[in-house]
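One-letter residues, chain by chain:
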Amino acid sequence: MPPPTKQEPEGTRDAIATAQQYRPRLVRYFRNHLNTPDDAEDMAQETLVRMMRDPQAERVSNIEAYLMTIAGNLLRDRFRRDRTRHVSQHVPLDESVEGWPTETVSGERVYQDRERLRTFVKHLDELSPRCQQVFLLNRYEGLTYSAIAGQLGISVSAVEKQMMRALLHFSTRLELP
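These lines cover the structure that appears in this document, whether it is placed above or below. Please read these numbers as outputs of a predicted model, since none were measured by experiment. (Residues numbered from 1 in each chain as written. Predicted model: local features only at pLDDT ≥ 70, side-chain atom pairs only at ≥ 80, totals over all residues. Heavy atoms only, no water.)

Section: the nonpolar core
Okay, step 1: By size, the foremost hydrophobic cluster in this structure holds 19 residues, and its most contacted members are Leu26, Phe30, Met51 and Leu67.
Okay, step 2: At the level of secondary structure, the elements contributing two or more residues to this core comprise helix H1 (10-33), helix H2 (37-53) and helix H3 (63-84).
Okay, step 3: The element best represented in this core is H3, accounting for seven residues. (Core = buried A, V, L, I, M, F, W, Y, C linked by side-chain atoms within 4.5 Å. Buried < 20%, exposed > 50% of the residue type's maximum accessible area, 1.4 Å probe, protein only. Helix = DSSP H or I, 4+ residues; strand = E, 2+ residues; numbered from the N terminus.)

Structure below.
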């Protein structure tokens, strides 16, 4: 006795048959209008998906005409979007960075960076809590001296003094270029 086979719902079989029948025509249509075969494949897929998601599609008498209408609308939308985004003026990243120096990340580099971070955190911990707070609010949160002063309820002059203390501390402890 053969093993039982899983039956697909009727709608799924129809969708698969429709996709198999009309996909090649859609791909040809999009290849005639687009630059890359991958884009043509994507647009053909999108056309079929939109048709299958449309609850009114079951009532369509001429599926090919319906699919070509969807395809034309997708293509028109794409051309509008590309024109708005000035896609014709874009340069592929591969071409624009050709010849630029590259940096490969080595295990040694990762180790060195981790060590630098540990050293920085160690020296940050040596600062008073207020000094740490002022430094982090300025350098990592991007707040201005006046915003820090307002947030901490201290004067701008006090913020300046705390920042000077932190910068002096780091410059004496860390090897800064």
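Structure shown, so let's carry the discussion forward.
Some remarks on the side chain of Thr18
Okay, step 1: Positionally, Thr18 belongs in helix H1.
Okay, step 2: Those residues in contact with Thr18 that sit more than four places away from it in its chain are Arg23, Met51, Ile63 and Leu67. (Contact = heavy atoms within 4.5 Å.)

Observations regarding the packing of aromatic side chains
Aromatic ring pairs are reported here in terms of the distance separating the ring centres and the angle at which the planes meet.
Okay, step 1: With the rule as written, the count across this model stands at five aromatic pairs.
Okay, step 2: Judged by centre distance (5.3 Å) and plane angle (70 degrees), the ring pair of Tyr29 and Phe30 falls under edge-to-face.
Okay, step 3: Relative to Phe135, the ring of Phe120 lies with its centre 6.2 Å away and its plane at 45 degrees, an arrangement referred to as tilted. One end of the pair, Phe120, is in helix H5 (residues 107-125); the other, Phe135, is in helix H6 (residues 129-139), and 15 residues separate them in sequence. (Phe/Tyr/Trp six-rings, centres within 6.5 Å; stacked < 30°, edge-to-face > 60°.)

So, the packing of H6 against helix H8 (residues 156-173)
Okay, step 1: Across the interface, H6 lies against H8 with an axial gap of 9 Å and an inter-helix angle of 90 degrees. When the axes of H6 and H8 are compared, the pair comes out roughly perpendicular. Facing Arg130, Cys131, Val134, Phe135, Asn138 and Arg139 of H6, the residues of H8 in contact are Val159, Gln162, Met163, Arg165, Ala166, Leu167 and Phe170.
Okay, step 2: Residue composition of the contact of H6 with H8, grouped by class: eight nonpolar, two polar and three charged. (Axes fitted to C-alpha atoms, helices over the stretch in contact; angles between N-to-C directions. Parallel < 35°, antiparallel > 145°, perpendicular 65-115°, else oblique. Nonpolar A, V, L, I, M, F, W, Y, C, P; charged D, E, K, R; others polar.)

Looking at the packing of helix H7 (residues 145-152) against H8
Okay, step 1: Close contact between H7 and H8 brings their axes to 8 Å; oriented N to C, the two are set at 110 degrees. With respect to each other, H7 and H8 are oriented roughly perpendicular. Of H8, the residues touching H7 (which contributes Tyr145, Ser146, Ile148 and Ala149) are Val156, Val159, Glu160 and Met163.
Okay, step 2: Of the residues in the contact of H7 with H8, the class split is six nonpolar, one polar and one charged.

Quick word on H8
Okay, step 1: Taking 1.5 Å of rise per residue, the 18 residues of H8 would be expected to cover 26 Å, and the 26 Å separating its terminal C-alpha atoms lies within 8% of that figure.
Okay, step 2: Check the buried side of H8 and you find it contacts H5, H6 and H7. (Expected span 1.5 Å × (residues − 1).)

Quick look at the pattern of salt bridges
Okay, step 1: Here the structure, examined in full by the defined rule, presents twelve salt bridges.
Okay, step 2: For Asp113, the salt bridge identified is with Arg109, shortest N-O distance 3.3 Å. One end of the pair is Asp113 and the other is Arg109, both in helix H5 and four residues apart, which spans about a single turn.
Okay, step 3: The partly exposed category is assigned to Asp113, whose relative accessible area is 32%.
Okay, step 4: Bridged by salt links that share partners, the residues Asp39, Arg78, Arg81 and Asp82 form one connected network. (Salt bridge = Lys/Arg side-chain N within 4 Å of Asp/Glu carboxyl O.)

Overview of H2
Since one α-helical turn is 3.6 residues long, residues separated by three or four positions face the same way.
Okay, step 1: Taking 1.5 Å per residue, 17 residues should reach 24 Å; H2 reaches 24 Å between its end C-alpha atoms and fits that length.
Okay, step 2: Listed as buried for H2 are Ala40, Met43, Ala44, Thr47, Leu48 and Met51. Along H2, the residues classed as buried sweep out an arc of 135 degrees about the axis, all on the same side. In H2, the exposed residues that point more than 90 degrees away from the buried face are Asp38, Asp42, Gln45 and Arg53. (Arc of directions from axis to C-beta.)

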